[in-house]
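Secondary and tertiary structure notes
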Amino acid sequence: MSNGSLAGVALIGTGAAAPELAVTNDDLAQVMETSDEWIASRTGIRQRRLLAPGESLTTLAVQAGTQALEAAGLAASDLDLIVLATSTADDRFGTASRVQHALGATRAVAFDLTAACSGFIFGLVTAAQFIRTGTYRTVLLIGADGLSHWVDWSDRRTCVLFGDGAGAVVLQANSEDRLLGFELRSDGSGHHHLNMACQAEPQALTPDLSIGRGNVTPITMNGQEVYRFAVKAVPEVVEKSLYRSGLASAELDWLLLHQANQRILDAVAHRLAIPSAKVVSNLERYGNTSAASIPLALDEWVRAGRIQPGHLIAASGFGAGLTWGAVVFRWGI
Ligand code: UT7
């Protein structure tokens, strides 16, 4: 399993999956006080894909992972490690092992990683460390979330934003290191701006003995605070990652941000002086898919041939925690 002299990391294949069910802004306007005009002008979102009853996060993650392995020309048995970035696991004990089993990745160890909408970026850096230390050679990183199960459908300020999906990337040990620089950040003082909190409600076991019974409260968000945080924090980590890579923003081929809101994408690109033609965006069709949004967009751009081997990409995620981070990499071997 050791890499020998291959101490670098390359990203070599992508995959993606989204539920069949497409729900437009007009569909939502039938069931709540909203409009396509409001949602599209404030966010850029026109449609989201939602899990239907019976569909699961595991199914989406397996579909995306299978595609990424095919694109990389590898078999599931080649995998040493599977990292599943998610905040909406099918099983709170972890969902990565189910994905490992369904893929038939019999040699791979698998675990979940939770960092909300930054999960894919945190996962990328985590996976890279295992490769760089020579411990593992081939890693499947999947970002997958099904936030539709956890939004408050009576809260129009949040429920219109989110969608479900999964995206995956295969990382492999490589002679040249294609992951050039990164910066990860956390600030728990802002956790109350966006959360899906676990709470324990009192439950009487006996007349004299009460314990807590857990449940999850639907997502709550202070949109304006999160917006302000994202527009300030994301350019900082992108610039830090570029600095660590010895590169300038003008050298980037693509800016690949967490797909939360087109206005955030535009404001960050403006601050970094990156032209809009270099900004990857598919949130119009998927909404905010949390940990899935970056690999979902990466997969689309790679398959369309827009992202080419050697292209320089700055990717950045941000969200609940608060967490945020950026990675600068070159696509392909
Ligand atoms: O993964 C990271 C996750 N989160 C984010 O990135 C979110 C960042 N924040 C945002 O994207 C924006 O703050 C939102 C899109 C969530 C909201 O946009 P906003 O421009 O900050 O709107 P607002 O919350 O200030 O609301 C403006 C008005 C309010 O009405 P009043 O009080 O001015 O009369 C809201 O009640 O818009 C109303 N409103 C809506 N109207 C129609 C809020 N949601 C809706 C809705 N449809 N869905």
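This structure is a prediction, so every number in the text was calculated from the model and none was measured. (Residues numbered from 1 in each chain as written. Predicted model: local features only at pLDDT ≥ 70, side-chain atom pairs only at ≥ 80, totals over all residues. Heavy atoms only, no water.)

**A look at the overall build of the protein chain**
For the protein chain, the count of helices and strands is ten helices and 15 strands. Radius of gyration (C-alpha) of the protein chain: 20 Å, near the 20 Å computed for a compact globule of 333 residues. The C-alpha extent of the protein chain, read off along each of the three principal axes, is 65 × 50 × 40 Å. The burial tally for the protein chain puts 54% of its 333 residues in the buried class. Across the protein chain, contacts joining residues at least 24 apart in sequence account for 76% of those joining residues at least 6 apart. Carbon together with sulfur atoms contributes 51% to the accessible area of the protein chain, which is approximately 14100 Å² in total. Between the mean site of the 25 positive side-chain charges and the mean site of the 32 negative ones, the protein chain shows a separation of 5 Å. (Helix = DSSP H or I, 4+ residues; strand = E, 2+ residues; numbered from the N terminus. Rg over C-alpha atoms; globule rule 2.2 N^0.38 Å. Buried < 20%, exposed > 50% of the residue type's maximum accessible area, 1.4 Å probe, protein only. Contact = heavy atoms within 4.5 Å. Areas by Shrake-Rupley, 256 points an atom, 1.4 Å probe, with all protein chains shown as cover. Lys, Arg positive; Asp, Glu negative; His and termini not counted. Charge placed at Lys NZ, Arg CZ, Asp CG, Glu CD.)

**With respect to the pairing of strand β11 (residues 209-216)**
The pairing of strand β10 (residues 198-206) with β11 spans eight bridges and is classified as antiparallel. Bridge pairing in β11 links A200 to G214. From the end of β10 to the start of β11, which pair antiparallel, there are two residues. (Pairing = 2+ DSSP bridges.)

**Notes on the side chain of T158**
Relative to the helices and strands, T158 resides in helix α6 (residues 156-159). Those residues in contact with T158 that sit more than four places away from it in its chain are D152, I219 and M221.

Just distances and angles here, no functional claims.
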